[in-house]
Amino acid sequence: LDPMNSGAETWLADAYYHNREYKRAIDILKGVYRKRPESFAVQMYLLHAYYMDGNTVGWMETYLDRLDLEARVEPSKDASDRASQARAIYKQGGTSAFLKYLKGEGHDFFIKDGDRSPAYRHIMLGENKQAVDALDQAIRQEERVRALRQVVNDPMLDVLRSDPRFPELMKRLIPENQ
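Residues numbered from 1 in each chain as written. Predicted model: local features only at pLDDT ≥ 70, side-chain atom pairs only at ≥ 80, totals over all residues. Heavy atoms only, no water.

Let us look at helix α8 (residues 128–140). Here α8 spans 18 Å end to end across 13 residues, near enough to the 18 Å set by a 1.5 Å rise per residue. A positive phi of about 55° marks Glu142, the residue just after α8. (Helix = DSSP H or I, 4+ residues; strand = E, 2+ residues; numbered from the N terminus. Expected span 1.5 Å × (residues − 1).)

Below is the structure:
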């Protein structure tokens, strides 16, 4: 790979991720992230890979970096306060306190904060019913359907596959004639 082509590296990391080789994906994405620290997309991929690898500290710190980046890219008092508050909670109470914050006061923003679909964020919080509901709503509204088509084979959604609604959602997402 061309070491300057972070797009190719991201695709390679995505291939490792989809083959459930999360540590290899993480290693590549960390390198891409060092080259492109302003990339929300790279942060999202890294956050997912850490989550799937079972690395709670990794995904939480990546999310905190995302909040910091948002405060720099789209400066506002709300963004700055949100990033500062989240960092303080994590620093003082660790992963359990931060998870409690994400399930409580920080929930709505965490769920809405850029990702392919809010379903991913619900999964990270163990809210699988809400994740299926979020996928259903996104497909019904045809929001970001092209990006959502990637979910068909995404290992992060494996926890949803036993939900009786999931197969129907996938059929609606990718009709059989495509």
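Our focus in this paragraph is the nonpolar core. Nonpolar side chains in soluble globular proteins tend to end up buried together. Ranked by internal contacts, the top residues of the largest apolar core, which has 46 residues, are Trp59, Phe98, Leu102, Phe110, Leu135, Leu157 and Leu160. The element that contributes the greatest number of residues to this core is helix α2 (residues 22–35), accounting for 7 residues. (Core = buried A, V, L, I, M, F, W, Y, C linked by side-chain atoms within 4.5 Å. Buried < 20%, exposed > 50% of the residue type's maximum accessible area, 1.4 Å probe, protein only.)

Quick look at α2 now. For α2, built from 14 residues, the straight-helix expectation of 20 Å at 1.5 Å per residue is met to within 8% by its first-to-last C-alpha distance of 20 Å. Inspection of α2 places Tyr22, Ala25, Ile26, Ile28, Leu29, Gly31, Val32 and Tyr33 among the buried residues, and these make up the whole buried set. Considering only its buried residues, α2 is in contact with α1 (6–18), α3 (40–52) and α4 (56–73). (Contact = heavy atoms within 4.5 Å.)

Evaluation of the coordinates by the stated rule reveals 15 salt bridges. One salt bridge connects Asp158 with Arg20, and the closest N-O pair in it is separated by 2.3 Å. Of this pair, Asp158 sits in the loop between α9 (145–148) and α10 (166–173) while Arg20 is found in the loop between α1 and α2, placing the two residues 138 residues apart along the sequence. For Arg20, a relative accessible area of 44% translates into the label partly exposed. Ionic pairing is found between Lys77 and Asp81, a salt bridge with its closest N-O pair at 2.9 Å. With Lys77 and Asp81 both in helix α5 (residues 77–103), this residue pair falls 4 residues apart, about one helical turn. On the accessibility criterion, Lys77 (62% relative accessible area) is exposed. What makes Asp81 partly exposed here is its relative accessible area of 37%. Residues joined in a network through salt bridges with shared partners are Lys129, Asp133, Asp163 and Arg165. (Salt bridge = Lys/Arg side-chain N within 4 Å of Asp/Glu carboxyl O.)

Our focus in this paragraph is the side chain of Asp154. With respect to the helices and strands, Asp154 occurs in the loop between α9 and α10. On the basis of relative accessible area, Asp154 is assigned to the buried category, the value being 0%. For Asp154, the side chain forms a polar contact with the side chain of Tyr120, separated by 2.8 Å. Among the polar contacts listed, one links the side chain of Asp154 to the backbone nitrogen of Met156, at a separation of 2.8 Å. (Polar contact = N/O pair within 3.5 Å; in protein donor to acceptor, adjacent residues only side chain to side chain.)

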